[in-house]
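Residue-level listing of the chains:
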Amino acid sequence: MRKIELEIVALSHSITQTHSYAVVLGEVNGLRRLPIVIGGFEAQAIAVALEKMQPSRPLTHDLMKNFMNAFNIELQEVIISNLQEGIFYSKLICSNNEETIEIDSRTSDALALAVRFGCPIYTFENILNSAGILLDDPAGKKPKAAAPVISEHEKGADDDLKSLNLEDLNTLLQEVLEQEDYIRAIAIRDEINSRKNR
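About the criteria used
- Residues numbered from 1 in each chain as written.
- Predicted model: local features only at pLDDT ≥ 70, side-chain atom pairs only at ≥ 80, totals over all residues.
- Heavy atoms only, no water.
- Phe/Tyr/Trp six-rings, centres within 6.5 Å; stacked < 30°, edge-to-face > 60°.
- Buried < 20%, exposed > 50% of the residue type's maximum accessible area, 1.4 Å probe, protein only.
- Lys NZ or Arg CZ within 6 Å of the ring centre and 35° of its normal.
- Pairing = 2+ DSSP bridges.
- Helix = DSSP H or I, 4+ residues; strand = E, 2+ residues; numbered from the N terminus.
- Contact = heavy atoms within 4.5 Å.
- Axes fitted to C-alpha atoms, helices over the stretch in contact; angles between N-to-C directions.
- Parallel < 35°, antiparallel > 145°, perpendicular 65-115°, else oblique.
- Left-handed = near helix turned anticlockwise from the far one by under 90°.
- Nonpolar A, V, L, I, M, F, W, Y, C, P; charged D, E, K, R; others polar.

- Under an unreviewed UniProt entry, the protein chain has the name BFN domain-containing protein and belongs to Chitinophaga terrae.

This is the structure in structure tokens:
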């Protein structure tokens, strides 16, 4: 079966499930999107790596990467290999100097490691056909990375940030970093940066 390369195009609160997040994968040079619902901790692990944040202590996926690097194991690619009853199954394709091994993984963990290693993410046509979403492209233009989907809860949170002054935003940023709420920290950091660029 031909592998189709994907990239992470959005990470947001899930509109369909409370206390969950959605990571949206986009077909490289294509119009299809694959949304996958993940938990809050997994979303945070992916967000930290995407935003290149440096936690004071290694998160679980950072520890896994450090462990693999220490033993010269490289993550070659991640394959979202199956979809059964709404659950995605993934494999880590790892190699050392002697052999290549497939390791079963939760998809959220596989994505968190893929971001850290900078390795490609793949799936198969049948998975995109059954769970993917096709974006409209009336002008026939090359697709752009999708803007993150924002829930009503997040819109309210963004409005709250706009009402704070810069000093309060910096204080709040330090507080959420101490609580290791990196997803909220990203929103605060973006609001601070948008004011600096005005």
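## Considerations on the packing of aromatic side chains
Then step 1. Inspection of every chain in the model, using the stated rule, returns one aromatic pair.
Then step 2. On the numbers, 5.1 Å between centres and 45° between planes, the contact of Phe67 with Phe71 is tilted.
Then step 3. Residue Phe71 is classed as exposed on the basis of its relative accessible area of 55%.
Then step 4. Across the ring face of Tyr122, the terminal group of Lys3 is positioned such that the distance to the ring centre comes to 4.6 Å.
Then step 5. A cation sits over an aromatic face here: Lys65 above Phe117, 5.6 Å from the ring centre.

## Notes on the sheet that holds strand β8 (residues 133–134)
Then step 1. One open sheet holds the eight strands; their spatial order is β6-β5-β4-β7-β1-β2-β3-β8, and the pairing between them is mixed. Among the strands making up the open sheet, the edge pair consists of β6 (100–106) and β8.
Then step 2. Its contacts with the sheet put helix α1 (residues 40–50) on β1 (3–13), β2 (20–27), β3 (32–39) and β6, and the angle it makes with β3 is roughly 120°.
Then step 3. Sheet strands touched by helix α3 (residues 107–117): β1, β2, β3, β4 (74–84), β5 (87–95), β6 and β7 (121–124). Its angle to β6, the strand with the most contacts, is close to 125°.

## Quick look at the packing of α1 against α3
Then step 1. Relative orientation of the contacting elements α1 and α3 amounts to 10°, with a least axis distance of 9 Å. In terms of orientation, α1 and α3 fall into the roughly parallel class. Between α1, through Glu42, Ala45, Ile46, Val48, Ala49 and Leu50, and α3, the contact on the second element is made entirely by Ser108, Leu111, Ala112, Val115 and Arg116.

## Let's talk about the environment of Arg2
Then step 1. The topology assignment puts Arg2 in the segment before β1.
Then step 2. The exposure class of Arg2 is exposed, given its relative accessible area of 60%.
Then step 3. Distance from Arg2 to Thr123, taken between C-alpha atoms, is 8.6 Å for residues 121 residues apart in sequence.
Then step 4. Discounting residues that sit within four places of it in the chain, Arg2 has contacts with Thr123, Phe124 and Glu125.

## Some remarks on the packing of helix α2 (residues 60–70) against α3
Then step 1. Put simply, α2 and α3 touch, their axes get as near as 10 Å, and they point 60° apart. Relative to α3, the element α2 is oriented oblique. Note on packing geometry: the crossing formed by α2 with α3 is right-handed. From α2, His61, Asp62, Met64, Lys65, Met68 and Asn69 reach across to α3, where they touch Asp109, Ala112, Leu113, Arg116 and Phe117.
Then step 2. Broken down by class, the residue content of the contact of α2 with α3 amounts to five nonpolar, two polar and four charged.

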